[in-house]
Amino acid sequence: MTAYRGRFAPSPTGPLHFGSLVSALASWLDARAHRGTWLVRIEDIDGPRTVPGAAEDILETLARFGMVADEPPVRQSRRMPLYQREFERVQSTGLVYPCGCTRKEIADSLVHAHARHTTLAYPGTCRNGLNGKPARAWRLRVPDGDAAIVSFDDRWQGPQTQNLATEVGDFVLRRADDQWAYQLAVVVDDADQRITHVVRGADLLDSTARQIYLQQCLGVPTPSYLHVPVVTNTDGEKLSKQTGALALDASRPLVALNDAALHLGLALSGTAALSRQAFYAEAIEAWSKRVKR
Ligand code: GLU
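Just so it is clear, the model here is predicted, and its values are computed rather than measured. (Residues numbered from 1 in each chain as written. Predicted model: local features only at pLDDT ≥ 70, side-chain atom pairs only at ≥ 80, totals over all residues. Heavy atoms only, no water.)

So, helix α6 (residues 182-192)
Counted only if it meets this: Accessible area is worked out with a 1.4 Å probe on protein chains only. A residue is then buried under 20% of its type maximum, exposed over 50%, and partly exposed in between. Secondary structure elements follow DSSP: runs of H or I no shorter than four residues count as helices, runs of E no shorter than two count as strands, and numbering proceeds from the N terminus. Should any heavy atoms of two residues lie within 4.5 Å, those residues are counted as being in contact.
With eight of its eleven residues buried, α6 lies for the most part within the structure. All buried positions along α6 are accounted for by Q183, L184, A185, V186, V187, V188, D189 and D190. Those residues of α6 hidden inside the fold are in contact with β1 (5-8), β2 (37-42), α3 (80-91), β8 (171-174), β9 (197-201) and α7 (205-218). Of the residues trailing α6, R194 is marked for its positive phi of about 50 degrees.

As structure tokens, then:
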């Protein structure tokens, strides 16, 4: 059996908030419950969204909460040559093509599709050439017909199926602003770091089929997936830096940890509120009972 390797992959767009604490805790508990290795990967590939100092701040906060990576954290911004090499490897399959569509053109075609009650996927406008438009982004062609159906069994959410052709369409690997797309970087990194178990927020459930397809194109293994429910605010929006989530009170880590465990449906006793050690002992045990192995 391959040794368990899990990860928490925050984007350093601000301090750790309650929603990201829940994801961090879930991946940490899963790694500890499997006696595995837990890694932290700083997803700072999106230059314009990265906030200086946020990565250090997140790592410090995690440490205060008792979560320290078993290997030195890696940063996507330092791994550009790896993404280039793997992008060229996907290109060599002949499935990658340049796309000249602007955001507005794509949005317009989707509005039309919506009006006609047809697919909301990228319509593949540039599949057979740019028609004189300059290349902006690079897209990965998805299969047609039944081959476009990707299924996987999520350890929390149960069986999942997505039709890449009708629900997503050919997706971007390199963006128009010359940045690597999240989908490419995350697949390359998970493979390079030999991640066996991905545990993260359910907002990424919808990306998973794309990632599995890209893994197949690259000939790398598919990890197992577990998506925990996202934390929403009272308006039902995902708690994120964009929706104004507050930074955590790192001076009272036990309170936040117990709240995060509660959000994950882990029933802990009053003892778990007394010390970090007691909290983790109970939480790991409760997690093992809560989720499929
Ligand atoms: N960096 C992503 C985020 O903060 C998570 C990526 C992942 O876990 O695959 O939403």
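Let's talk about the packing of helix α8 (residues 253-263) against helix α9 (residues 276-290)
Short version of the rule: To get an axis, fit a line to the C-alpha atoms, keeping to the stretch in contact for a helix; angles then go from 0 to 180 degrees between the N-to-C directions. An angle below 35 degrees is read as roughly parallel, one above 145 as roughly antiparallel, one from 65 to 115 as roughly perpendicular, and any other as oblique.
One way to put it is that α8 packs onto α9 with a least axis distance of 11 Å and a crossing angle of 10 degrees. Regarding the angle of α8 to α9, the classification is roughly parallel. Listed contacts from α9 to L254, L257, N258 and A261 of α8 are R276, F279 and Y280.

Digging into the packing of aromatic side chains
Heads up, the rule is: Here is the rule: rings of Phe, Tyr and Trp (six-membered ring for Trp) pair when centre to centre is within 6.5 Å. Planes less than 30 degrees apart are stacked, more than 60 are edge-to-face, and the remainder are tilted.
Under the defined criterion, the tally for this structure stands at eight aromatic pairs. Seen from their ring centres, W28 and W38 are 5.1 Å apart, and the 90 degrees between their planes marks the pair as edge-to-face. Residue W28 is located in helix α1 (residues 18-33), and its partner W38 is located in strand β2; the two are separated by ten residues in the primary sequence. A centroid spacing of 6.2 Å and a plane angle of 80 degrees characterise the contact between F87 and W138, whose relative ring orientation is edge-to-face. Linking F87 in helix α3 with W138 in strand β5 (residues 137-140), this pair joins segments that are 51 residues apart in sequence.

Here's the deal with the side chain of D30
Examined against the element boundaries, D30 turns out to sit in helix α1. The contact partners of D30, leaving out residues within four places of it in the chain, are Y4, R155, H197, V199, W287 and V291.

So, unusual backbone geometry
Positive phi, normally seen in glycine, also occurs at N131, with a value near 50 degrees. Summarising the element assignment, N131 is placed in the loop between α4 (103-115) and β5. On the basis of relative accessible area, N131 is assigned to the exposed category, the value being 75%. At R194, a position not held by glycine, the phi torsion is positive, near 50 degrees.

Quick notes on the site of the ligand
Quick reminder of the rule: The rule for a residue being near a molecule or strand is that one of its heavy atoms must lie within 4 Å of it. Identification of polar contacts relies on pairs of N or O atoms within 3.5 Å, with a donor-acceptor requirement for protein atoms, meaning one able to donate a hydrogen and the other able to accept it, and with residues adjacent in sequence counted only if both atoms are side-chain atoms. Surface accessibility in these figures is a Shrake-Rupley result with a 1.4 Å probe; residues are shielded only by whichever protein chains are displayed. When residues are sorted by character, Ala, Val, Leu, Ile, Met, Phe, Trp, Tyr, Cys and Pro go into the nonpolar class, Asp, Glu, Lys and Arg into the charged class, and all the rest, Gly among them, into the polar class.
Around the ligand, the structure places R7, A9, S11, E43, Y182, V186, R200 and L204. Contact between the ligand and S11: a nitrogen atom at 2.9 Å from a side-chain N or O atom of the residue. With respect to the ligand, the side chain of Y182 contributes an N or O atom lying 2.8 Å from an oxygen atom. A total of 300 Å² of accessible area belongs to the ligand in isolation, and the protein chains cover 81% of it. Its residues assigned to classes, the shell around the ligand comprises four nonpolar, one polar and three charged.

Remarks on the packing of α3 against α6
Where α3 meets α6, the axes come as close as 10 Å, and the angle between the chain directions of the two elements is 100 degrees. The orientation of α3 with respect to α6, classified from their angle, is roughly perpendicular. Only L184, A185, V188, D189 and D192 of α6 make contact with α3, whose side of the interface consists of L82, Y83, E86 and F87. Of the residues belonging to the contact of α3 with α6, the class tally is six nonpolar, no polar and three charged.

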